[in-house]
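# Descriptive structure summary
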Amino acid sequence: MKKRSLFKKMFGSDKIDDKKNYTQYKLLSTSTSTFSPWDGNVYNNDIVRSCMRPKASAVGKLHPVHIRTDSEGNIKINQIPYIKFLLRFPNEYMSMQKLLEKMMNQREISGNSYAVIKRDALAKPVGIYPIPTSPAELLEYNDELYLKFRFRSGKTMTIAYSDLVHLRRDINDNDFFGTDASDALKNIMNVIDITDKGIVKSIKNSSIIKWLMKFKSVLRKEDKEITVKEFADSYLNIESSESGNIATTDPRYDIEQVKENSYVPNGEVMEKYERRLKNFFGVSDEIIKNSFNEDQWNSFYEAEIEPVAKELSDQLTLKLFTKHEIECGNEIIFEASSLEFASMQTKLNLKEMVDRKSMTPNEWRRVMNLGSVDGGDVLLRRLDTGETKPIDEKEE
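Notes on the structure follow. Nothing here was measured: the structure is a model prediction, and the numbers come from that model. (Residues numbered from 1 in each chain as written. Predicted model: local features only at pLDDT ≥ 70, side-chain atom pairs only at ≥ 80, totals over all residues. Heavy atoms only, no water.)

### Focus on the overall build of the protein chain
When you go through the protein chain residue by residue, the secondary structure sums to 14 helices and 13 strands. For the protein chain, the share of sequence-separated contacts (at least 6 apart) that also reach a separation of at least 24 residues comes to 61%. Carbon together with sulfur atoms contributes 51% to the accessible area of the protein chain, which is approximately 25,700 Å² in total. (Helix = DSSP H or I, 4+ residues; strand = E, 2+ residues; numbered from the N terminus. Contact = heavy atoms within 4.5 Å. Areas by Shrake-Rupley, 256 points an atom, 1.4 Å probe, with all protein chains shown as cover.)

Now the structure itself:
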C-alpha cells in the first residue's frame, strides 16, 4: 500500500533539508539561538487540561475576516475568494477552529506555537499547517531569518520566518522566543503529582494487612498457614461464613487488628496549589466549570482572549500580505461576539443600537442566535435621531 507523507504535503518534498549555507543568528540576551521545549507531559494532567480548554475553545471560536480600509477611512469586508477560503479551511485536514485550538494549546505550554504558510508558484498563500512543538534554531541567510525545526521523526526542515505564523507567550529574557512554562510549573506539578500518587499508594497499602495473629507457641509454617486460612474462612469471608456475628477465642494465638495510618493530604494545601495553577493560566473556577456570569466572562475575554486575537491578527496580516498590500489597507482581523454569554436583558437592550444606525437588524439577530432576514443588513435610524443642523443654517 502506498503511503502518503504529511511532511511532503506541508513542505513540498520528502527531502530532509536544503543545502544553503545558513549562519546562526546571534541574540542579545543569550549565547544560543535555539529553543528547546520542555519534555514534561504537563498536558496529561487533568487540572492543566481543564485550565487550558476554555482558552483554546474561546480562541477557536474567533472569526477571521479580511477587511480593507480605504484612504477615507471606510472599512469594507474584502471578499477575495482564496483568502476567504483559506481563513475558513486552512488545510485539508482541519478547519480554522481546530488550527487555532492546537496553536493555542502549544502556546500555553511551550510559550511558542507555529504554523507554516504554504505558497504556490506565484507566492500566493494556499494553505496553513500547524507545526508540532519541536526544538527550533534561529538561522540567517542573505539577511533573512529562518527557523530550523527538528521533528520527532528525525527529519529537519528550515523555513523562512516570513512563512511562519508565530505565537509567543511570556516573552521576557529571550529576544525572540516565548518563555517555556516548565520552570514556573515544575514545583506545582511535582506537588500535585506526588500527592496523587501518594493517595493511590495509601489506598493500595490499606488493603494489604488487616489482622495480625500472634501465636503463643512455635508452629511449623504449614500449621500457621492452615490456622490463618481457617480463621479467614470462618470470620473474614462474609459469603462463606456460617458463624454470623459470633466469634470464639482460641488459646493458641491472639488476634490484633492492624490500625490504618493512611496519610490524607490537607485539603486547604491542595486547594492552594490548584489555585496557583489556575492563576498561572488565568482562569477561574467559574470559567472552568462553565458557570460564569456575564461580567466574569467579559473579564476573562478581555484579559486572556483579546491579546491572542490581536497577536493572530498582526501575524496573519504580516505573513499573508505584502508590504504594499498592507499599505493599501488590507488586514486580517478576528471578530468575536463578546455578547455571546451576555444576559438576555443585555441582549434585548441592544435593540436601542439597531434604530440608531449602530447595528444592523441581522447583527442583532445573530446575537440572539436567530437567522438573518432579507434587508437586515441595512443600517436604520429613527426619524427623531436624525442628523442635526447648526442654528444659523436652520434660520436660513
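Now that the structure has been shown, we can carry on.
### Re the pairing of strand β8 (residues 144-150)
Two elements, strand β7 (residues 136-141) and β8, share 6 bridges in a ladder whose sense is antiparallel. Note that in β8 the partner of E137 across the bridge is K148. The hairpin formed by β7 and β8 contains 2 residues between the paired strands, and N142 there has a positive phi angle of roughly 55 degrees. Bridge count between β8 and strand β9 (residues 156-160): 5 bridges; the pairing is antiparallel. (Pairing = 2+ DSSP bridges.)

### Overview of the pattern of salt bridges
A full pass over the atoms with the stated rule returns 13 salt bridges. Between E271 and R275 there is a salt bridge whose closest N-O contact spans 3.9 Å. A residue pair is termed a helical-turn pair when its members lie 3 or 4 positions apart in one helix, as E271 and R275 do in helix α7 (residues 267-281) at 4 residues. Looking at R275, the relative accessible area reads 42%, which means it is partly exposed. Among the salt bridges present, the one from K310 reaches D314, with a minimum N-O distance of 2.7 Å. (Salt bridge = Lys/Arg side-chain N within 4 Å of Asp/Glu carboxyl O. Buried < 20%, exposed > 50% of the residue type's maximum accessible area, 1.4 Å probe, protein only.)

### So, the packing of aromatic side chains
Taken as a whole and assessed by the stated rule, the structure comprises 9 aromatic pairs. Relative to F300, the ring of W297 has its centre 5.4 Å away and its plane inclined at 50 degrees; by these criteria the two rings are tilted. In this pair, W297 and F300 are both assigned in helix α9 (residues 294-320), 3 residues apart and thus about one turn of the helix distant. By the burial criterion, W297 is buried, and F300 matches it. One aromatic cluster in this structure is built from Y114, F149 and F151. Above the ring of Y82, the side-chain terminus of K124 is found at 4.9 Å from the ring centroid. Sitting over the ring of F176, R168 keeps its end group 5.5 Å from the ring centre. (Phe/Tyr/Trp six-rings, centres within 6.5 Å; stacked < 30°, edge-to-face > 60°. Lys NZ or Arg CZ within 6 Å of the ring centre and 35° of its normal.)

### Notes on helix α2 (residues 46-60)
Between its terminal C-alpha atoms α2 stretches 20 Å, which fits the 21 Å expected from 15 residues at 1.5 Å a residue. Within α2, the axis deviates most sharply at M52, by approximately 30 degrees, and proline P54 lies no more than four positions further along. α2 sits mainly inside the fold: 11 of its 15 residues count as buried. Residues of α2 that are buried include every one of I47, V48, S50, C51, M52, P54, K55, A56, A58, V59 and G60, and no others. (Expected span 1.5 Å × (residues − 1). Bend = angle between axes of the 7 residues up to and from the residue.)

### Some points on the sheet that holds strand β13 (residues 330-335)
Taking strand neighbours across the sheet as the criterion, the 3 strands line up as β4-β3-β13 in an open arrangement whose pairing is antiparallel. One side of each edge strand has no neighbouring strand; the edge strands of this open sheet are β4 (75-77) and β13. Averaged over all adjacent pairs, the angle separating strand axes in this sheet is 40 degrees, with direction ignored. Sheet topology places strand β3 (residues 63-69) next to β13; 6 bridges connect them, and they run antiparallel. Looking at β13, one finds that V65 is bridged to I333. Contacts between helix α3 (residues 81-88) and the sheet are confined to β3 and β13, with β3 contributing the most and set at about 155 degrees to the helix. (Axes fitted to C-alpha atoms, helices over the stretch in contact; angles between N-to-C directions.)

### Section: the environment of E311
Tracing the backbone through its elements, the reader meets E311 in helix α9. Residue E311 is classed as buried on the basis of its relative accessible area of 18%. Along the backbone, E311 and V165 are 146 residues apart, and their C-alpha atoms lie at a distance of 9.8 Å. Not counting residues within four places of it along the chain, the set of residues in contact with E311 comprises R107, H166, L167 and R168.

### Thoughts on the sheet that holds strand β5 (residues 112-119)
If you walk across this open sheet you meet the 3 strands as β6-β5-β10, and the pairing is antiparallel. Taken across any chain shown, the strands that pair with only one partner, and hence form the sheet edges, are β6 (125-131) and β10 (164-168). In this sheet, adjacent strand axes meet at a mean angle of 20 degrees when their direction is disregarded. Packing against the sheet, helix α4 (residues 96-110) makes contact with β5, β6 and β10, and its axis sits at approximately 140 degrees to β5.

### Points about α4
A rise of 1.5 Å per residue sets the reference length of α4, with its 15 residues, at 21 Å; its end C-alpha atoms lie 21 Å apart and thus fit the reference within 8%. In terms of burial, α4 is largely enclosed, as 11 of its 15 residues are buried. If you check which residues of α4 are buried, you get M96, L99, L100, E101, M103, M104, N105, Q106, R107, E108 and S110. In the stretch just after α4, G111 is the one whose phi turns positive, near 85 degrees.

### Notes on the packing of α2 against α4
Running from amino to carboxyl end, α2 crosses α4 at an angle of 140 degrees, the nearest separation of the two axes being 8 Å. Comparing their axes, α4 and α2 come out oblique. Considering how the two elements wind past one another, α2 and α4 form a crossing that is right-handed. Of α4, the residues touching α2 (which contributes M52, K55, A56, S57, V59 and G60) are Q97, L100, E101, M104, N105, E108 and I109. (Parallel < 35°, antiparallel > 145°, perpendicular 65-115°, else oblique. Left-handed = near helix turned anticlockwise from the far one by under 90°.)

Any functional reading would require information beyond the geometric quantities listed.
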